[in-house]
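What follows is each chain in one-letter form.
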Amino acid sequence: MDLLPLFHNLRGRRCVVVGGGDVALRKLRQLIDAGAAVDVIAPDINAAIREMAEKHTLRYQQRPFAVDDITGAALVVAATNDHSVNEQVSQLAQAANIPVNVVDSPELCTVVFPSIVDRSPVQIAISSGGNAPVLARMLRTRLEGLIPAGYGKLAALAGKYRNKVKTRIDSSLARKAFWEEVFEGDIAEFVYSERLKEAEQRLEQKLKEQQDTNKVGEVYLVGGGPGDPDLLTFRALRLMQKADIVLYDRLVSKEVMALVRRDAELVYVGKTAGDHPVTQENINEKLAEYALQGKRVLRLKGGDPFIFGRGGEEIAHLAERGVPFQVVPGITAASGCASYAGIPLTHRDYAQSVRFITGHLKDHSLDLNWQDLVAPNQTLVFYMGLSGLESICKELIARGKSATTPAALVEKGATARQRVFIGDLTTLPDIVRKAEAKAPTLIIVGDVVKLHDQLAWFKG
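The notes below deal with the structure included here. In this text the structure is predicted, and so the values were computed from the model without any measurement. (Residues numbered from 1 in each chain as written. Predicted model: local features only at pLDDT ≥ 70, side-chain atom pairs only at ≥ 80, totals over all residues. Heavy atoms only, no water.)

## So, the packing of aromatic side chains
Alright, step 1. On inspection of all chains with the given rule, the structure shows nine aromatic pairs.
Alright, step 2. Plain terms: the ring middles of F178 and W179 are 5.5 Å apart, the flat faces sit at 75° to each other, and that makes the pair edge-to-face. Each member of the pair, F178 together with W179, is buried.
Alright, step 3. Members of the aromatic cluster, joined through ring pairs, are F178, W179 and F183. (Phe/Tyr/Trp six-rings, centres within 6.5 Å; stacked < 30°, edge-to-face > 60°. Buried < 20%, exposed > 50% of the residue type's maximum accessible area, 1.4 Å probe, protein only.)

## Things to note about the environment of R175
Alright, step 1. Relative to the helices and strands, R175 is located in helix 6 (residues 172–184).
Alright, step 2. Looking at R175, the relative accessible area reads 19%, which means it is buried.
Alright, step 3. As a C-alpha pair, R175 and E255 span 80 residues in sequence and 30 Å in three-dimensional space.
Alright, step 4. When sequence neighbours within four positions are dropped, the list of residues in contact with R175 reads V165, K166, I169 and D170. (Helix = DSSP H or I, 4+ residues; strand = E, 2+ residues; numbered from the N terminus. Contact = heavy atoms within 4.5 Å.)

## Some thoughts on the side chain of K401
Alright, step 1. One can find K401 in the loop between helix 15 (389–398) and strand 15 (406–411).
Alright, step 2. Despite its burial, K401 pairs with no opposite charge, the nearest such side chain being D447 at 7.3 Å.
Alright, step 3. Contact partners of K401, with chain neighbours within four places excluded, come to L373, V374, A375, L396 and L425. (Lys, Arg positive; Asp, Glu negative; His and termini not counted. Salt bridge = Lys/Arg side-chain N within 4 Å of Asp/Glu carboxyl O.)

## Points about the pairing of strand 17 (residues 441–445)
Alright, step 1. Among the five residues of strand 17, five are classified as buried, and the element is accordingly described as predominantly covered.
Alright, step 2. In strand 17, alternate side chains face the same way, and those of T441, I443 and V445 on one face and L442 and I444 on the other are all buried.
Alright, step 3. Sheet topology note: the strand 14 (residues 378–383)/strand 17 ladder contains four bridges and is antiparallel. Across the sheet, the residue bridging to L380 is V445, located in strand 17.
Alright, step 4. Note that strand 15 and strand 17 share five bridges and pair antiparallel. If you follow A408 over to strand 17, its bridge partner there is I444. (Pairing = 2+ DSSP bridges.)

## Some points on the sheet that holds strand 8 (residues 218–223)
Alright, step 1. Across the sheet, five strands lie side by side as 10-9-11-8-12; this open sheet has parallel pairing. Only two strands of the sheet have a single partner each, and these edge strands are strand 10 (265–268) and strand 12 (325–328). The mean angle between the axes of side-by-side strands here comes to 20°, regardless of whether they run parallel or antiparallel.
Alright, step 2. As defined by bridge partners, strand 8 adjoins strand 11 (residues 296–301) across six bridges and the pair is classed as parallel. (Axes fitted to C-alpha atoms, helices over the stretch in contact; angles between N-to-C directions.)

## Considering helix 1 (residues 22–33)
Alright, step 1. In this model helix 1 runs 17 Å from its N-terminal to its C-terminal C-alpha over 12 residues, within 8% of the 16 Å that 1.5 Å per residue would give.
Alright, step 2. Taken as a whole, helix 1 has its buried residues at A24, L25, K27, L28, L31 and I32. Buried residues of helix 1, seen end-on, are gathered within an arc of 165° and therefore sit on one face of the element. Opposite the buried face of helix 1, at more than 90 degrees from it, the exposed residues are D22 and D33.
Alright, step 3. Those residues of helix 1 hidden inside the fold are in contact with strand 1 (14–18), strand 2 (37–42), helix 2 (47–55), strand 3 (58–62), strand 4 (75–78) and strand 5 (100–102).
Alright, step 4. Looking one or two residues beyond helix 1, the residue adopting positive phi is G35, at roughly 85°. (Expected span 1.5 Å × (residues − 1). Arc of directions from axis to C-beta.)

## Description of the sheet that holds strand 5
Alright, step 1. A sheet is described by the order of its strands in space; here five strands give the open sequence 3-2-1-4-5, paired in parallel fashion. Looking at which strands have only one partner, the edges of the open sheet turn out to be strand 3 and strand 5. On average, each strand axis in the sheet is tilted by 15° relative to the strand beside it, whichever way the strands run.
Alright, step 2. Summarising the sheet, strand 1 and strand 4 pair through four bridges and their orientation is parallel. If you follow V18 over to strand 4, its bridge partner there is A78.

## Considering helix 12 (residues 311–321)
Alright, step 1. For helix 12, the complete set of buried residues consists of G311, E314, I315, H317 and L318. Buried positions in helix 12, seen along its axis, are confined to an arc of 150° and lie on one side of it.
Alright, step 2. In the core, the buried residues of helix 12 are packed alongside strand 8, helix 11 (280–292), strand 11 and strand 12.
Alright, step 3. In the segment just after helix 12, G322 is the residue with positive phi, at about 75°.

## Some remarks on the packing of helix 5 (residues 151–168) against helix 6
Alright, step 1. One can describe the packing of helix 5 onto helix 6 by two numbers: an axis separation of 12 Å at closest approach and a directional angle of 150°. Viewed along their axes, helix 5 and helix 6 adopt a mutual orientation that is roughly antiparallel. Of the two elements, helix 5 crosses helix 6, and the hand of that crossing is right-handed. Contacts from L154, A158, Y161, R162, V165 and K166 in helix 5 reach R175, F178, W179 and F183 in helix 6.
Alright, step 2. Tallied by class, the residues present in the contact of helix 5 with helix 6 amount to seven nonpolar, no polar and three charged. (Parallel < 35°, antiparallel > 145°, perpendicular 65-115°, else oblique. Left-handed = near helix turned anticlockwise from the far one by under 90°. Nonpolar A, V, L, I, M, F, W, Y, C, P; charged D, E, K, R; others polar.)

## Things to note about the nonpolar core
As a rule of thumb, soluble globular proteins bury nonpolar side chains together.
Alright, step 1. Counting 22 residues, the largest nonpolar core has V17, L28, L31, V38, V40, I49 and L58 as its most contacted members.
Alright, step 2. When residues of this core are traced back to their parent elements, those giving at least two are strand 1, helix 1, strand 2, helix 2 and strand 4.
Alright, step 3. Residues L373, C393, L409 and V432 belong to the second largest nonpolar core, which totals 20 residues. (Core = buried A, V, L, I, M, F, W, Y, C linked by side-chain atoms within 4.5 Å.)

## Some details on unusual backbone geometry
Alright, step 1. Here the residue pair S120 and P121 is connected by a cis peptide bond, since its omega of 10° sits within 30 degrees of zero.
Alright, step 2. One can find P121 in the loop between strand 6 (115–119) and strand 7 (122–126).
Alright, step 3. For the bond from A439 to P440, the omega torsion is 5°, close enough to zero to count as cis.
Alright, step 4. Relative to the elements of secondary structure, P440 occurs in the loop between helix 16 (428–435) and strand 17.
Alright, step 5. Even without a glycine there, the phi angle at N97 is positive, about 60°.
Alright, step 6. For N97, the location among the structural elements is in the loop between helix 3 (83–95) and strand 5.
Alright, step 7. The phi torsion at E436 lies on the positive side, around 55°, for a residue other than glycine.
Alright, step 8. On the secondary structure map, E436 appears in the loop between helix 16 and strand 17.

Spelled out as structure tokens, the structure:
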């Protein structure tokens, strides 16, 4: 994060704008809307600013900028067409620890003016850090069309009832759930359609019906996909934003984690080969315990939770404990990583079937039905097979698979850090070893790997 977004209360506070042209006028309008008491200083003041001074808390002085003009200011804006003046204003303000904005000179700014979606008291500020203001304005335009005009009135209604709800509902989790139902249900629709009296009556009724008891929460078992957040389902995103607590593993990319509700509690339960600080049994029990405390629990897994994700074990435990749950599939690593590597898992000329295989069994052995795996015209996909890559290749060759069978290993597939290593059953282990590949990885064996050179499209 390059800049920390903050909302400043400037009502009645002195702000100084150095400059009297159209650029200064744009900043003045925002400051006046925020209730600031503004002093404008410039040798030339245009007619629009003069007219604004007659209607608002705005004073102007038609003269050059002086060093002591910024004394006591809460904010300073430099909006002249003279770079040396703008630079002087910036230096003086920074020396006095006064926030300063210099128009079109981000290197001289300590604060920037964002594009604003105003649904007061709800406000959304959008900034490109001064790098692309047009892009920020375009994004604001998109949001303007998505956010109902009644959001401000809905927020005002919530403010009116906030203390009453807090008094009536002791549990913070229950209050959170109550307000989410208000904002997503018929009360919000009443507000949007200007039926404010009906909205209040319905909210009063809902509050009377509210039983502040220890309700059982729910567990969301969600597949986070192979890494690219654009591959998440809408349902996954919605539940990721609702959860009170999140249990996640090492296969969930940081880009996907960035979309989880910001105030949710995060609990890492990742496991690596030979290192299980949190056992699966412990994870199963944690999910149940948190839900029985009334929390909405997100179990976020890389890929799909039902394909080598042990999701079945987790929901079986929840069912035994009487905990409600729902499952959201994700794009499994085989599909996601192969697609991003340009390797179709099936192809009319090369493979009419595909098999998903775990790279190690529960006891970390590789005791697989190897004879079935050497059948022709099929693609083999090994999950979690990095440490066993050499053994996998040797066993397939030993059972009759040609040593020249194409093979690939995809590292951190479907992310900006993706690497794809191509070889055959003889050469791939050495290629991967020299490249020092790191988990998570996926191994693909079969003639479909030949298509990688032609079909590779993703450049991480």
